[in-house]
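For reference, the chains in residue letters:
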Amino acid sequence: MRIGKMSGGMARRRTIWGRLALLALPIAVIPREAAAQSDIEVRGLLRAGVRVEAASSERSDGFDVFDARLGLSGKIGIIFDYFVQVEYDEDEEEFELLDARAGLPIRPEAELGLGLFRPAFGLEALTDKGQLTFLERSQATEAIAPGRQVGVGLSGEAVDARLTYGFGVFNGNGRRLENDGSDYMFAGRVQYNTIGPVPFYEDFVLQAGASVAYSEDTAAELGRGFEGTPPGDDPIGFEAGFAGDRLLWEVDVHASYRGWSLTAEYLRGEFDAESSPDEPDESEIPLDAYGGYVEAGYLFWGGAIEAVARYDGFSPAVGENRDFVLLGINIFPGQYAKFGLQYALELHDSQPSPFVDGGQFLLVAQVDF
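Bear in mind that the values here come from a model prediction, so they are computed numbers and not experimental data.

Asker: Even after reading the chapter, I still don't get the overall build of the chain, so can you show me in this structure?
Answerer: The number of helices and strands found in the chain is three helices and 16 strands. Considering the chain as a whole, with its 369 residues, one finds that 42% of them fall into the buried category. For the chain, the proportion of contacts with a sequence separation of at least 24, taken over those separated by at least 6, is 57%. Working note: accessible area of the chain is about 19,000 Å², and carbon and sulfur atoms make up 60% of it.

Dropping the structure here:
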C-alpha cells in the first residue's frame, strides 16, 4: 500500500491476506497426528512495515508488505526429505514458487539435492531472509551471487561439523525449467568454523568461507543492480539476458565473541559479454562487477536488542560506484518476532541502488517461524 493510493493499496493488501489464508488452510487442517508421523514442518515469513524515502528518490513513501512466504518441509518415507516454499509477488498479485528441493541422504554427513534451490555460493546469499540483520542483502550479493536455480547438488559436513561444503550443477538462468542453451553453471563452496554448528556465549568463534561459480550463457538472468545505469538505459543490451562467460567468486570471514560480531564479505564477477548475441564468436566485451560489505554488531540486554552498522560498497559493471553506510537496531520481543529500524547514508554522492538510497528510513515488523 502506498500513500496517495489508499483504496487500491487496501484492496491489494486484502488480496494478499486472502490468498495467504487460502494457502494456509490445507496446512491448518492437517491432523496433528499425521503431521507428527510424516515429520511435516510448516515454515513462514512475513515482513511488513513503513518506508520513508529521500525527496530525490523515485520510490514512494508508504506501507509495504516486503515479504510473505509459506513453506513445508518433511520426509517421504525413511529416505527422501523435501522443502517447498512459495512467495507472494505483490507486483503480479500471485504466488510464485521459490524452492522445491528433494534430498537424498547418501551417508550421515552427505546429501544429494535435486530441484529448485540456491546454489552453494556466498555467505549472505545462503542466509535465510528472516535471519538477515537488514531488510535486504548487500548490493554485491544481490548483483553477483547466482539466484535460485534448477539443478543438482551435493552438500555435507566433516571434521565434527566444523567443515561444511556444497557443490552443484545448475541450469544457470534462474528459476526457469529450460536450460540456458546447452551449457550449465557449476558452483561450489567450502566453509570452516572453529567451533562447529552450536557455539556458546563464551566462545570466540572464527569462520571463513570461499565460493566459486562458472557458466557459459546465452540468455542468463543477472542480479539486481548489476548495471548502475538509469532505468530504461541498457547500453550493453542485457534486456534479453546475459550472453557470454561468467566467472563468479567470493570470500568471507566472520568472528564473534559474547555479544560482539564482525562479518566481512567480498564478491567479484568477471564477465566476457558477447558484443553481438547473433554472432557469438565475433568479439567479447570484458566487464567486472565487484563489491562487498563490512558489518559490526552487538547484542545487549540478554540478546533482546541488537545494534548493527554496515558499510556496503559496490562497483557495477556499467556506471559509478555506490557506497552506503547502514545503521540499524533490531528488537526481539519473542522467539519468532522481530522489529527493526534502519537508516541509510550515501557516501560521496552515490547514486541510488535498486533497493537502497541515502536518507532511506525503514521500520520493519517480522514474524518468522
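Asker: Could you clarify how one ought to interpret the nonpolar core in this entry?
Answerer: In summary, soluble globular proteins display a tendency toward joint burial of nonpolar side chains. Counting residues in each nonpolar core, the largest one holds 21 residues, and the members touching the most others are Ile144, Phe271 and Ala289. Elements with a contribution of two residues or more to this core: helix H3 (139–144), strand E8 (185–193), strand E10 (242–257), strand E11 (260–274) and strand E12 (284–300). Ignoring any residue separated from it by four or fewer positions in sequence, one finds Ile144 in contact with Leu248, Leu267, Arg268, Gly269, Ala289, Tyr290 and Phe314. In terms of nonpolar packing, the next biggest core, distinct from the first, is built from seven residues, Phe134, Val308, Phe324 and Val356 among them.

Asker: Is there a simple way to think about the side chain of Asp67 in this case?
Answerer: You can see Asp67 is positioned in strand E2 (residues 62–76). By relative accessible area, which is 2% here, Asp67 ends up buried. Among the polar contacts listed, one links the side chain of Asp67 to the side chain of Arg47, at a separation of 2.6 Å. There is a polar contact of 3.0 Å between the side chain of Asp67 and the side chain of Lys129. What Asp67 contacts, discounting residues up to four positions off in sequence, is Leu45, Leu46, Arg47, Glu87 and Lys129.

Asker: Just checking my understanding: could you explain the pairing of strand E5 (residues 110–117) for this structure?
Answerer: Across the eight residues that make up E5, a large majority, six, are buried. Of the strand pairs in this sheet, strand E4 (residues 94–107) and E5 are connected by seven bridges, and their pairing is antiparallel. What sits directly across from Gly103, in E5, is Gly113. In this structure, the hairpin formed by E4 and E5 is closed by a connection of two residues. One ladder, built from eight bridges, connects E5 with strand E6 (residues 149–158); its direction is antiparallel. Of the residues in E6, the one forming a bridge with Leu116 is Val150.

Asker: Can you walk me through the packing of aromatic side chains in this structure?
Answerer: Aromatic ring pairs are reported here in terms of the distance separating the ring centres and the angle at which the planes meet. Taken as a whole and judged by the stated rule, the model has nine aromatic pairs. Here Trp260 and Tyr298 contribute two aromatic rings whose centre-to-centre distance is 4.4 Å and whose plane-to-plane angle is 40°, an arrangement assigned as tilted. Remark: Tyr298 occurs in strand E12 and Trp260 occurs in strand E11; sequence separation between them is 38 residues. Its relative accessible area of 56% is what places Trp260 among the exposed residues. One cation-aromatic arrangement involves Arg101 over Phe117; the distance from NZ or CZ to the ring centre is 5.4 Å. Its end group placed over the ring of Tyr293, Arg310 keeps NZ or CZ at 4.3 Å from the ring centre.

Asker: Any chance you could explain a nonpolar patch on the surface here in plain terms?
Answerer: Taken together, the side chains of Ile106, Leu112, Leu114, Val152, Leu154, Val169, Tyr184, Phe186, Val212, Tyr214 and Leu247 define a hydrophobic patch exposed on the protein surface, amounting to about 910 Å² of accessible area. Elements that contribute at least two residues to the nonpolar patch include exactly E5, E6 and strand E9 (204–220). Mapped onto the fold, Val212 is located in strand E9. Since its relative accessible area comes to 43%, Val212 is described here as partly exposed.

Asker: I would appreciate a short explanation of unusual backbone geometry in the present structure.
Answerer: When glycine is set aside, most residues are seen to have a negative phi, and most peptide bonds are trans. A positive phi angle, close to 55°, is found at Trp301, a residue other than glycine. The class of Trp301 is exposed, set by a relative accessible area of 70%. Of note in this structure, Asp349 is not a glycine but carries a positive phi near 55°. By the secondary structure assignment, Asp349 is in the loop between strand E15 (337–346) and strand E16 (361–368).

Asker: Explain the pattern of salt bridges here, please?
Answerer: Oppositely charged side chains can form a pair if their charged atoms are brought close together. The tally for this structure, following the rule as stated, stands at 18 salt bridges. The closest approach of N and O atoms between Asp64 and Arg51, which form a salt bridge, is 3.0 Å. Within this pair, whereas Asp64 is found in strand E2, its partner Arg51 is found in strand E1 (residues 41–52), the two being separated by 13 residues in sequence. Its relative accessible area of 10% is what places Arg51 among the buried residues. Notably, a salt bridge pairs Arg69 with Glu87, separated by 3.0 Å at the nearest N-O pair. Placement of Arg69 in strand E2 and of Glu87 in strand E3 (residues 80–89) is noted, with a sequence separation of 18 residues between them. Here the two residues Arg69 and Glu87 agree in accessibility, since each one is buried. When salt bridges that share partners are traced, they join Arg47, Asp67 and Lys129 into one network.

Asker: Honestly, the environment of Arg246 in this entry has me stumped. Any pointers?
Answerer: Tracing the chain through its elements places Arg246 in strand E10. We classify Arg246 as buried; its relative accessible area is 4%. Discounting residues that sit within four places of it in the chain, Arg246 has contacts with Gly172, Met185, Ala213, Tyr214, Ser215, Asp217, Ala220, Glu221, Leu222, Glu270 and Phe271. Here Gly172 takes part through its backbone oxygen, which lies 2.8 Å from a polar atom of the side chain of Arg246. A distance of 2.7 Å separates the side chain of Arg246 from the side chain of Asp217, its partner in a polar contact.

Calculation criteria
Counting restarts for each chain: residues are numbered from 1 in the order of the written sequence. With the structure being a predicted model, the display of local features is reserved for residues of pLDDT at least 70 and the display and counting of side-chain atom pairs for 80 or more, all residues being used for whole-chain, interface and lining totals. Side-chain figures throughout are based on the complete set of non-hydrogen atoms in the structure, without hydrogens or water. Each helix corresponds to a stretch of at least 4 residues labelled H or I by DSSP, and each strand to a stretch of at least 2 residues labelled E; elements are numbered beginning at the N terminus. The cut-offs for exposure are 20% and 50% of the maximum accessible area for each residue type, with area from a 1.4 Å probe on protein chains only; residues under the lower value are buried, those over the upper are exposed, and the others partly exposed. Contacts: residue pairs with any heavy atoms within 4.5 Å of one another. Only the protein chains shown count as cover for residues, and all accessible areas are computed by the Shrake-Rupley method using a 1.4 Å probe. Definition of nonpolar core: a set of buried residues of the types Ala, Val, Leu, Ile, Met, Phe, Trp, Tyr and Cys, connected through side-chain atoms within 4.5 Å. The definition of a polar contact used here is a pair of N or O atoms within 3.5 Å, where within protein one atom must be able to donate a hydrogen and the other to accept one, and adjacent residues in sequence count solely through side-chain atom pairs. Two strands are counted as paired when DSSP detects at least two bridges linking them. Two aromatic rings from Phe, Tyr or Trp, using only the six-membered ring of Trp, form a pair when their centres are within 6.5 Å; if the ring planes differ by under 30 degrees the pair is stacked, by over 60 it is edge-to-face, and anything between is tilted. Whether a charge sits over a ring depends on NZ of Lys or CZ of Arg being within 6 Å of the ring centre and within 35 degrees of the ring normal. What goes into a patch is any residue over 30% in relative accessible area without a salt bridge, connected to like charges within 9 Å or, for nonpolar side chains (Val, Leu, Ile, Met, Phe, Trp, Tyr), within 5 Å. Counted as salt bridges are all cases of a side-chain nitrogen of Lys or Arg within 4 Å of a carboxyl oxygen of Asp or Glu.

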